[in-house]
Every structure is written in C-alpha cells, then in structure tokens.
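Here is what each chain is made of, one letter per residue.
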There are 2 protein chains.
Amino acid sequence: MRVAYNEQMTELADMLGEMAGLAGAAMERATQSLLQADLSLAEQVISDHDQITELSVACEERAFALLALQAPVAGDLRSVVSGIQIVSDIDRMGALALHVAKIARRRHPNHVLPEEVNGYFAEMGRIAVALGAGAREVLETRDPERAAKLREEDDAMDDLHRHLFSVLMDREWKHGVAAAVDVTLLGRFYERFADHAVEVARRVIFLVTGKMPVDPDETTSLES
Amino acid sequence: MRVAYNEQMTELADMLGEMAGLAGAAMERATQSLLQADLSLAEQVISDHDQITELSVACEERAFALLALQAPVAGDLRSVVSGIQIVSDIDRMGALALHVAKIARRRHPNHVLPEEVNGYFAEMGRIAVALGAGAREVLETRDPERAAKLREEDDAMDDLHRHLFSVLMDREWKHGVAAAVDVTLLGRFYERFADHAVEVARRVIFLVTGKMPVDPDETTSLES
C-alpha cells in the first residue's frame, strides 16, 4: 500500500506542477496579448483554457481515488487533502489568465492599456510568470525555502499594484474612466494570480513543516 | 462507524451552514456601512472577521478528523471532500465582505459611492445576502431544487453588474476616476461573493445528483 501511495502521490504532485506550468504559460501569453494587442495570442489562451480545466478535474479525481483506494493516514492524508485545495488555487490562476486574455480580445484592435501603464503590466506579468514557475517548482520539490521566496516576489507584486493605483488616482490621469476600469480589473487579476501562487506555496510549507504561514491576503493585499 | 460518520457529517454541514450565515451577515453589515458611510458597522465587520477564519480552520480540522477516523468511502468520502472545497468558497465570501468594509472605512467620513450608483449596490447587497442565506439553506437541507434557484439569483447579480459597468463607461459619468476605481472593485467583490455562493450550491448538487452543473464563472461572468 505504502509503495502504491508514494507512486500515486508523486503522480498527483507532478500533475499539479504541470497545471501550475500551464497557468503560468497562459499568464505569459495573456500578458503579451495585452501589451501587444495581439488577438491570436489572446485567442490561444482562451482556447487552451480547457486543458487547465481538464487537468483540474483529473487532479481532483486522482486525489479522490487516492483517498478511496489507499485510505492514507496522518501526514499522507494531509498531503492529499492539501492537494485537493491546491487544485482550486491553480484553477483560479488559470481563470485569471483567461480573464486578462478576454479583456485583450474585447478591446482588439485597440490597445487596452494607456502607454503610461504598460511598464507596470510588463513587470506584473513577469512576476506572475515567475510565481507560476515558482509554484510548480515548490510542488515538485517541496522545498520550504523556495516556497518562502515566493512571498518576497508577491511583495514586489503588491508594491507594483499599489503604485499602479496611485497612478490611476492621480489628477494627471488623462485616459478616461473606461481605461481606468480596465486597468483596475487587470491590476486585480494579476494581484490575485500572485496571491494564489503564494497560497500554493503556503500549503506546501504547512505540509513539510506542520506550520501554516500567515495568510498574505489578510495582511498585504490592496484591500487591507 | 456509520452512526459516528453520520453524526460527524451532520455537524460538519451545520458548521459550514453557520459559516455561510456569518459571511452573509458580514456582507449585510458591509453593504450598510458602504451605503451609510457607517464607520462602526465597517469596523464590526472587520473585527468579526476572525470568527469566520476560526470557523474555517475548525471546519477543515473537522473534515480532516472525519477522513482520518472514519475512513469514509464512495458517496460519504465525496461528501467530506466537497466539504473541504466548500470551506474555501465560504472563506472567500467572508474575505470579500471584509474587502467591502475596508473600502468603506478607508473613505470615511466620505461616502464611497456617488449617489447615482447607490441603488445598484443596495440591490447587489440584497442579492448577496439572499445568496448567503440560500447557501446556508442548501448546506443544511441538501435540496437540489433550492440549489438550482441560487443560479437564478446569481443571474440577477450578473445583470446588475453589467448595468453598473455601463453606467461607469458612460460619457456622462461625472464622479472622476477615483470613484470609478472604487465602484469597479466593489462591483467585482459583490459579483465574486455571488459566484462563490453558487459554487457551494453546485457542489451540493453534485453530491446529491452525481452531476456537476456548468461553472457559472466560465459562462456568465463579466470577463466572458
């Protein structure tokens, strides 16, 4: 049983890692579609989204089968339960990348972003992709030090997000309300993508160390 | 074992129902704090939020103990796994009510909302509270017909959210970018609150009927 459990748990972790990789790739393309008003990239993110949904269902089924057939206990049981929770986080990361791509598609052939904020989104996109890759690595290695580093990258995201809002709130904003609404939503999507990546890392830290780090969304997000 | 399982599962469902009730109460107070610029209501939501977090941890522990001690199979196992997923949804509902209250507090003594959109938020708040109560009822009764009705209430929320955006995007909007940013975020928080309530109902329908209804976030949300 133990050997079968280990094999199946490794498979589940690999599938979760693959899912995080797809979510990161989707956010990378969605960001490019946004920055370059590239319709075909946006459409690719939208049509590829099914892969993430399918993998999400497959991960849930795999975790369920593991519980049903192996009846794991103690730390093993905790790993599978965390796996089920992690699926939801990565699923949301994919949905947030999809939302970005849909805004890019809706405004095409226009650019969504006033040039003034392009740099913010290029950098938020870079951090989001790094966080997706980081989440994948943490899932595959279960390295708590790497997991803790994701928090630092998320802090950089929160800083950018705050700066972006001060640009929006500035009396010098000359791009109108419609652009401000798009920028507000997009900023929120990148920030939430990062939060979910950090949440994946928190759950892995909890698995390895038995201690749950403080929820970043309760302390550092814009709404605090 | 079976009797113990049933008792503990009923307790878990009641705790989840209680959590949904707290999230609904938080959204009700948060909406009043928003509409009336009532600082003490906003602060109450913020200080009461710990109760939701504590109940969330208690629900996860209860579900975990159920898996560990009862080793449920088949439909019973699925119920517990769904319970774990439902905790996350209700937890987010509480966090979204908290976000609304924090915006009301941040702008106090000013009103956040231009009078023109007060009616939208009064109605979105009413629907959100009804959805919270509906989610609680569905958790406690497992009635799939009641669960399906939550979808209809969510459609009303989506319609309001879309209208709100057309008000924002209108050239007649005279309240500036800062108010538009707040209204955009607040609209998103109410819409997501409703999505999570519907997600709770979807999971209950799945438990009872074995079929998962289509994800509303993929079909009807603003980003579609």
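For clarity, every value in this text was computed on a predicted model and none was experimentally measured.

Draft legend 1. Highlighting helix α2 (residues 39-70) of chain B. All names here are of chain B. Its 32 residues give α2 an end-to-end C-alpha distance of 47 Å, which sits within 8% of 46 Å, the value for a rise of 1.5 Å per residue. If you look at α2, its biggest bend is around 30 degrees, right at D48. The first or second residue beyond α2 is A71, which carries a positive phi of 40 degrees.

Draft legend 2. Main features of the interface of chain A and chain B. Taken together, the contact pairs 40 residues of chain A with 41 residues of chain B. Summed over both sides, the interface of chain A with chain B buries roughly 3,500 Å², with 64% coming from carbon and sulfur. Our enumeration of links across chain A and chain B arrives at 0 salt bridges. Linking chain A to chain B there are 2 residue pairs in polar contact (both at pLDDT 80 or more). When contributions to the side of chain A that touches chain B are tallied by element, the ones reaching two or more residues are α2 (39-70), α3 (74-107), α5 (144-169), α6 (176-209) and α7 (216-219) of chain A. It is α3(A) that contributes the most residues to the side of chain A that touches chain B, 14 residues altogether. Across the side of chain A that touches chain B, the residue classes tally to 21 nonpolar, 7 polar and 12 charged.

Draft legend 3. Geometry of the UniProt feature "domain: PhoU" (unreviewed entry) in chain A. Residue and element names in this part refer to chain A. Per the UniProt entry, the sites bearing "domain: PhoU" (unreviewed entry) are residues 17-103 and 122-204 in this numbering. In residues 17-103, the share of helix is 94% and the share of strand is 0%. The end C-alpha atoms are 27 Å apart. The span residues 122-204 is 90% helix and 0% strand, and its two end C-alpha atoms sit 28 Å from each other.

Draft legend 4. Examining the relation of the copies chain A and chain B more closely. Relative to chain B, chain A is turned by 180 degrees and slid 0.0 Å along the rotation axis, the superposed coordinates differing by an RMSD of 0.0 Å. Taken together, the rotation and translation relating the two chain copies correspond to the operation of a two-fold axis. A symmetric contact is evident, with 100% of the interface residues of chain A recurring at the interface of chain B.

Draft legend 5. Seen up close, helix α1 (residues 2-36) of chain A. Helix length check: α1(A), at 35 residues, gives a terminal C-alpha distance of 51 Å against a target of 51 Å (1.5 Å per residue), a fit within 8%. Where α1(A) terminates, the next one or two residues include A37(A), which has phi positive at roughly 50 degrees.

Draft legend 6. Geometry of the packing of α5(A) against helix α6 (residues 176-209) of chain B. At a closest axis distance of 8 Å, the pairing of α5(A) and α6(B) adopts a crossing angle of 135 degrees. Between α5(A) and α6(B), the angle falls in the class oblique. From α5(A), F165(A), L168(A) and M169(A) reach across to α6(B), where they touch V177(B), A178(B), V181(B), D182(B) and L185(B). Residue composition of the contact of α5(A) with α6(B), grouped by class: 7 nonpolar, no polar and 1 charged.

Draft legend 7. Summary view of the nonpolar core. Formed by 150 residues in total, the largest nonpolar core has its most connected members in F121(A) and F121(B). Setting aside anything within four residues of it in sequence, one finds F121(B) in contact with T31(B), L34(B), L35(B), L113(B), L164(B), V183(B), L186(B), G187(B) and Y190(B).

Definitions and limits used
- Residues numbered from 1 in each chain as written.
- Chains lettered and ligands numbered in written order.
- Predicted model: local features only at pLDDT ≥ 70, side-chain atom pairs only at ≥ 80, totals over all residues.
- Heavy atoms only, no water.
- Helix = DSSP H or I, 4+ residues; strand = E, 2+ residues; numbered from the N terminus.
- Expected span 1.5 Å × (residues − 1).
- Bend = angle between axes of the 7 residues up to and from the residue.
- Contact = heavy atoms within 4.5 Å.
- Buried area = accessible area lost by both parts, 1.4 Å probe.
- Salt bridge = Lys/Arg side-chain N within 4 Å of Asp/Glu carboxyl O.
- Polar contact = N/O pair within 3.5 Å; in protein donor to acceptor, adjacent residues only side chain to side chain.
- Nonpolar A, V, L, I, M, F, W, Y, C, P; charged D, E, K, R; others polar.
- UniProt positions renumbered as here; feature names shortened; annotations may be inferred.
- Least-squares fit on C-alpha atoms with pLDDT ≥ 70 in both.
- Axes fitted to C-alpha atoms, helices over the stretch in contact; angles between N-to-C directions.
- Parallel < 35°, antiparallel > 145°, perpendicular 65-115°, else oblique.
- Core = buried A, V, L, I, M, F, W, Y, C linked by side-chain atoms within 4.5 Å.
- Buried < 20%, exposed > 50% of the residue type's maximum accessible area, 1.4 Å probe, protein only.

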